[in-house]
Amino acid sequence: MFVDGAPIGFQQYRYGTFFFDPFLIGEAEIVKGAHDYRALNGKFGGTIHIKTKTVDDLLTPGESFGFRVNQRYNTNGDAKAYNLSLYGKSDSGFYYIANGSVTDSDDIRVGGASEDLDYSGYEQENMLFKVGYENDHHQFEVSHTRYKDEGRKPWANRRGDMPTITNRNIEKYGSLEAAKYAYTTYNEYTDNTTTISYNYSPSNPYIDFNIKAARSENDRHWVRPDIAFEKMYVSVGSYGHESWLSYSRDFIDVYNTAVSGDHTLVTGLQYQNTDRDSLVFNATQAKKEAKNYGWYTPYYEPSGIQRTYAAYAADHYQATPNFTISPSLRYEYVTSEGKGNAASDYNDPSAGHDYSETTHKGFSPRLDLDYEATANTRLNFSYAYAMKTPTVDNLYSVQYSRARASASARDLEVSRIHAYQASIINITDGLFRDSDSIGTELTLFYNDVSDHVHNRVGENLDRDTNENQSWNANLDGYKNYGFELINQYRIADFFSDFSVAYVRGKYKGSLSDSTGSDEDFPSTPPLNINLGLGYEWSEGLTTGWKLRWYDAQTKTGEDKIYSYPVGKQYTLQDIYATWEVQQVKGLSFGAIVTNLTDRYYEAYLSKGVASPGREIKLNAAYQF
């Protein structure tokens, strides 16, 4: 994910949720699959590029200053949110945007139940500040975004279920409420991203020069209650009694777009340095020297630095007025280095614990063909052969020195994907009447991945070897395929949208035995069908209804450790209304009821955690 050209992200078990104020989004581009030649290493699933609004998006012609106030309310959790935006520009070319929002929610209620989900409340803060200057040929801009989320939550379950509380737990901690409290953590997560960008675009077709430099910092800290420090045994694999994880990313993207005849050539250089620090304090291990008296880096979440050096080029060749051929090539050189571990159990050279630097490199070619078959129909085909470098987790995760697979995995190879995608887009006006319009997009895809990285378990673990073997290994890979159909129809003031998404896939062999039968993905999404109907009653007043249907999730994998619970089929309905008051410029109201029937359901990938019940969300805004 990129925000204004800056990469953001956070990798930790069930943590790393990121919220971005929808009002600030000016444009969101989604590139599905491994087909974004400018995206950083590892984008097999796709990339999302969010561009925040510009001052011209907020001001009408002739205006030089504006503000917007907004208040939102959600009945589920009694959540209140407030937002204030200030923005303006001068005749000399300077402009600015300042936006801040806060959200405070109590515990939420799950569908079909009268009780709340314990410890699911939260507080959020979101801020954007942008200042810049532009004239006919130059634009310079500095932007800063900040996001903060905090609240008391069940351990390792982002607003999820509490662990099972037994009678023994109640006796140990004194009461049911005290036992629940003991199994919580107070979690704080912050994201700060600063981006500096410069664009030089003279009256020269060969020069459209851009520099983007970004610094992002992600920090998470959580701590268990005092009573847990006193009475709770915590295993090494459960992040101890207190945990810290921080990421810092430095990113530079320098690129130019040159137009020469029928060719539009994009060339660029990129650099990213990702520095990760991970630490826990585990009071259970406070007397063990091999665990550094409780202070250590989790063996499965090592600290380390990964640097990426990349160059890319793409030629968008207009072969005919209707046919565009766009070959591209990307080269990446990646260095990775672990930071060792303060606990000798995870920093033992004789066990194969080697945190020294290793490198990976390779080319990622892509070809895109785009054909405008008729004035209403466009055909597209793209193929990419992309690489994915092992992460710091993959390379430097270990097990304790006496385990069967204790070593780090510096010998891992890059994963590769053959990604195929084909689509047809048709937009037809006057299908049934002169005033109607229908748009349809059908996309088919097929991916073949080799050498994917996974933990070494089952038959993949050599129990007879006398040599050190790594905890992670390259397995044979996997394949997946599917389609997405999107249809939008409008006639006069009535509109509808319809979509279907289908994915299926299997590993080549199983996660525990590469020579075994092919195994379903543990995270294969269920068939999803969506239908929306709406009507614009008058200028500014719109109402609508949405239906979302999810099939039972039965393709959950056979491996006992990595499989997901079977998910049941469920249907959700939403109704909404928006009103931009024409009599009062800038005044608007909105209301939406999600999960209208208060359905109990467990969303895809939630691992059995219940989702929110009926929510009535109200919104009021005034923009001047």
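Computed from a predicted structure; not experimentally measured.

About the cut-offs
- Residues numbered from 1 in each chain as written.
- Predicted model: local features only at pLDDT ≥ 70, side-chain atom pairs only at ≥ 80, totals over all residues.
- Heavy atoms only, no water.
- Pairing = 2+ DSSP bridges.
- Helix = DSSP H or I, 4+ residues; strand = E, 2+ residues; numbered from the N terminus.
- Patch = residues over 30% accessible without salt bridge, like charges linked within 9 Å, V, L, I, M, F, W, Y side chains within 5 Å.
- Areas by Shrake-Rupley, 256 points an atom, 1.4 Å probe, with all protein chains shown as cover.
- Salt bridge = Lys/Arg side-chain N within 4 Å of Asp/Glu carboxyl O.
- Buried < 20%, exposed > 50% of the residue type's maximum accessible area, 1.4 Å probe, protein only.
- Core = buried A, V, L, I, M, F, W, Y, C linked by side-chain atoms within 4.5 Å.
- Contact = heavy atoms within 4.5 Å.
- Polar contact = N/O pair within 3.5 Å; in protein donor to acceptor, adjacent residues only side chain to side chain.

### Comments concerning the sheet that holds strand 1 (residues 2-3)
If you trace the four strands from one edge of the open sheet to the other, you get 2-1-4-3, paired in mixed fashion. Strands with a single pairing partner mark the edges of an open sheet, and in this sheet they are strand 2 (6-7) and strand 3 (25-32). Note: strand 1 against strand 2, two bridges, orientation antiparallel. The residue of strand 2 that forms the bridge with Phe-2 is Pro-7.

### Remarks on a nonpolar patch on the surface
Where nonpolar side chains cluster on the molecular surface, the patch consists of Phe-65, Val-69, Leu-84, Leu-86, Tyr-96, Phe-129 and Val-131 and spans about 550 Å² of accessible area. Mapped onto the nonpolar patch, the elements with two or more residues apiece are strand 5 (65-74), strand 6 (79-89) and strand 8 (122-134). You can call Tyr-96 partly exposed: its relative accessible area is 32%.

### Quick word on the pattern of salt bridges
Oppositely charged side chains can pair when the atoms bearing their charge come close. What the rule picks out here adds up to 27 salt bridges. Of the charged contacts, one joins Asp-598 and Arg-109 as a salt bridge, the two residues approaching to 3.1 Å between their closest N and O atoms. Of the two residues, Asp-598 sits in the loop between strand 29 (587-594) and strand 30 (615-623) while Arg-109 sits in the loop between strand 7 (94-105) and strand 8, which places them 489 residues apart along the sequence. Just as Asp-598 is buried, Arg-109 falls in that class too. Residues Arg-378 and Asp-370 are paired through a salt bridge, measuring 2.2 Å at the closest nitrogen-oxygen approach. We classify Arg-378 as partly exposed; its relative accessible area is 34%. Counted as one network, the salt bridges with shared partners bring together Arg-215, Glu-217 and Asp-250.

### Description of the nonpolar core
Judged by nonpolar contacts, the single largest core of 20 residues is most densely connected at Tyr-239, Tyr-296, Tyr-299 and Tyr-346. Counting residues in each nonpolar core, the second largest holds 13 residues, with Phe-20, Phe-23, Leu-59 and Ile-97 among its members.

### With respect to the environment of Thr-324
Looking at where Thr-324 falls in the secondary structure, it is placed in strand 16 (residues 323-338). Sequence spacing of Thr-324 and Leu-527 is 203 residues, and the spatial spacing of their C-alpha atoms is 33 Å. The residues contacting Thr-324, other than those within four sequence positions of it, are His-316, Tyr-317, Gln-318, Asp-368, Leu-369 and Asp-370.

### Remarks on the pairing of strand 24 (residues 494-507)
Pairing geometry for strand 23 (residues 477-491) and strand 24, over 14 bridges, is antiparallel. Bridge assignment links Tyr-481 to a residue of strand 24, and that residue is Arg-504. A loop of two residues connects strand 23 with strand 24, the two strands running antiparallel in sequence, and Ala-492 in this loop sits at a positive phi of about 55 degrees. Bridging between strand 24 and strand 25 (residues 519-520) involves two bridges; their strand directions are antiparallel. In the sheet register, Lys-506 faces strand 25, and the bridge partner there is Asp-520.

### Concerning the environment of Lys-339
Positionally, Lys-339 belongs in the loop between strand 16 and strand 17 (358-372). Relative accessible area serves as the criterion here: at 36%, Lys-339 is assigned to the partly exposed category. The contacts of Lys-339, once residues within four sequence positions are left out, are Asp-275, Arg-276, Asp-277, Ser-303, Gly-304, Ile-305 and Tyr-355. A distance of 2.7 Å separates polar atoms of two side chains, one belonging to Lys-339 and the other to Asp-277.

### With respect to the side chain of Ser-496
Within the fold, Ser-496 resides in strand 24. Judged by relative accessible area, Ser-496 falls into the buried class, the value being 14%. Ignoring sequence-local partners within four residues, the contact set of Ser-496 consists of Asn-487, Gln-488, Tyr-489, Gly-532 and Leu-533.

### Some remarks on unusual backbone geometry
Positive phi values are uncommon outside glycine, yet Tyr-119 reaches one of about 55 degrees. Tracing the backbone shows Tyr-119 in the loop between strand 7 and strand 8. Here Tyr-239, not a glycine, exhibits a phi torsion of approximately 65 degrees, which is positive. On the secondary structure map, Tyr-239 appears in the loop between helix 4 (226-231) and strand 12 (242-260). The exposure class assigned to Tyr-239 is buried, which follows from its relative accessible area of 6%.

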